[in-house]
Every structure is written in structure tokens, then in C-alpha cells.
Amino acid sequence: GGAYIGGTGSANKLDDYETGTWTPAVTMDTGTSTVTTYGRYVKIGLTVYATFYIQFTAAASSPLVNFITGFPFAHENSGTYAGVGAVRENSQTGFNWHVRMNNNATTGLLRRYDNSNTVAVNYVFIGSVTYTTS
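Heads up: these notes are all about the structure in this document. Small disclaimer: the values here were computed from a predicted structure and weren't measured.

### Examining the overall build of the protein
Here is step 1 of the chain: Helix and strand content of the protein: zero helices and 11 strands.
Here is step 2 of the chain: A burial count over the protein gives 37% of its 134 residues as buried.
Here is step 3 of the chain: Here the analysis covers contacts within the protein between residues at least 6 apart in sequence; of these, 64% occur between residues at least 24 apart.
Here is step 4 of the chain: With the model as given, the accessible surface of the protein reaches about 7,000 Å², and the carbon-plus-sulfur share is 49%.

### Looking at the environment of T19
Here is step 1 of the chain: Looking at the secondary structure, you find T19 in strand 3 (residues 17–21).
Here is step 2 of the chain: Distance in space between the C-alpha atoms of T19 and V48 is 9.6 Å, their sequence separation being 29 residues.

### Digging into the packing of aromatic side chains
Here is step 1 of the chain: Taken as a whole and assessed by the stated rule, the structure comprises 10 aromatic pairs.
Here is step 2 of the chain: Their ring planes at 45 degrees and their centres at 5.5 Å tell us that Y38 and Y53 sit as a pair that is tilted. With a gap of 15 residues between them, Y38 in strand 5 (residues 33–44) and Y53 in strand 6 (residues 47–59) connect regions that are remote in the sequence.
Here is step 3 of the chain: Overall, Y38 belongs to the exposed group, its relative accessible area being 52%.
Here is step 4 of the chain: An aromatic cluster of three or more residues is present, and its members are W22, F52, F71 and Y131.
Here is step 5 of the chain: The ring of F73 carries K43 above its face, with NZ or CZ at 5.4 Å from the centroid.
Here is step 6 of the chain: The ring of F95 carries the charged tip of R112 above its face, separated from the ring centre by 4.3 Å.

### A closer look at the sheet that holds strand 8 (residues 84–89)
Here is step 1 of the chain: One open sheet accounts for nine strands, arranged 3-5-6-11-8-9-10-7-4; its pairing is antiparallel. Whereas interior strands pair on both sides, the edge strands pair on one side only; in this sheet they are strand 3 and strand 4 (25–30). Strand-to-strand twist in this sheet, taken as the mean axis angle between neighbours without regard to direction, amounts to 20 degrees.
Here is step 2 of the chain: One ladder, built from 12 bridges, connects strand 5 with strand 6; its direction is antiparallel. Residue pairing in the sheet places Y41 in a bridge with A50 of strand 6.

### Topic: the side chain of T69
Here is step 1 of the chain: With respect to the helices and strands, the residue T69 is situated in strand 7 (residues 64–69).
Here is step 2 of the chain: With sequence-adjacent residues up to four places away left out, T69 is seen in contact with W22, T23, P24, A25, V26, T27, T106 and T107.

### Observations regarding the nonpolar core
As a rule of thumb, soluble globular proteins bury nonpolar side chains together.
Here is step 1 of the chain: Formed by 22 residues in total, the largest nonpolar core has its most connected members in F52, F71, V99 and F125.
Here is step 2 of the chain: Listed by contribution, the elements that provide at least two residues to this core are strand 6, strand 7, strand 9 (96–101) and strand 11 (124–132).
Here is step 3 of the chain: No other element matches strand 6, which puts five residues into this core.
Here is step 4 of the chain: Beyond its immediate stretch of four places on either side in the chain, V99 contacts F52, I68, F71, G83, V84, G85, V87, G108, L109, L110 and V129.

### Quick notes on the side chain of H75
Here is step 1 of the chain: Structurally, H75 can be placed in the loop between strand 7 and strand 8.
Here is step 2 of the chain: Classification of H75 as buried rests on a relative accessible area of 0%.

Reading the values: the criteria
Residues numbered from 1 in each chain as written. Predicted model: local features only at pLDDT ≥ 70, side-chain atom pairs only at ≥ 80, totals over all residues. Heavy atoms only, no water. Helix = DSSP H or I, 4+ residues; strand = E, 2+ residues; numbered from the N terminus. Buried < 20%, exposed > 50% of the residue type's maximum accessible area, 1.4 Å probe, protein only. Contact = heavy atoms within 4.5 Å. Areas by Shrake-Rupley, 256 points an atom, 1.4 Å probe, with all protein chains shown as cover. Phe/Tyr/Trp six-rings, centres within 6.5 Å; stacked < 30°, edge-to-face > 60°. Lys NZ or Arg CZ within 6 Å of the ring centre and 35° of its normal. Pairing = 2+ DSSP bridges. Axes fitted to C-alpha atoms, helices over the stretch in contact; angles between N-to-C directions. Core = buried A, V, L, I, M, F, W, Y, C linked by side-chain atoms within 4.5 Å.

Pasting the structure below:
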């Protein structure tokens, strides 16, 4: 199967397209948390577009979140092509956060715009990340 884009040669064949769901998880530097999560992805060739929803339903006092884990495919092992994404804390503060994918891993470093990583109960993160797999 597959579709041809711009001609019928093999270089123009799109034969690697996939959609699905994934289950985001969160690792903490300090404290513990309970989260509700959802995730979806689209993979076209080597490019992955992953979206997620993470809600902290319970958290210790001033926990520090470190990584989002469980992305559906490992990021390529390259320092040149860094996968990044935008995240918004949507329910309490409205702060902007970002994710930077780790090389050769299904994890991404999660940080607020000012490099803070403190979260609280009822924080809701809605975000998307685009990255390349190998």
C-alpha cells in the first residue's frame, strides 16, 4: 500500500503512515504525584507528532517534575535534530512550558519558560511535540 506524491517513482511513495494512542507518564525529581494522562500520535516516515494531556490529581508539597516518559517512538540519537514541543499549563497558572526530547529515548525533559519545574495539584498540561525517530 501507500500513496504516491508528485510522481510514481519509489522516492515519491508514502508508505509509512501510522496513528495511535500512547500513555504519557511523569517522573519526579522530588515528591510523588498521581496523574491522569492521555496521548495521541501521528507518524509519517521518520517524523512523529505526539500530543498529550496530563493532569496532576494528587501531589506532594512542591514536587519537582523532571520528564515526560512513554513517547510512542524513541527520538533519534542525534544532538543536531532536537525534538521540541510546546506545553501550556491550562488550569491554574497559564504558564508556558516546553519539552526537549532526549536522544535515543522515549523521554522528554519538561521545564517551564523560566526553567522552573515545580508543579501542584490540578495542574493540567496540554502539549505537543514533534521529533524524528531513526
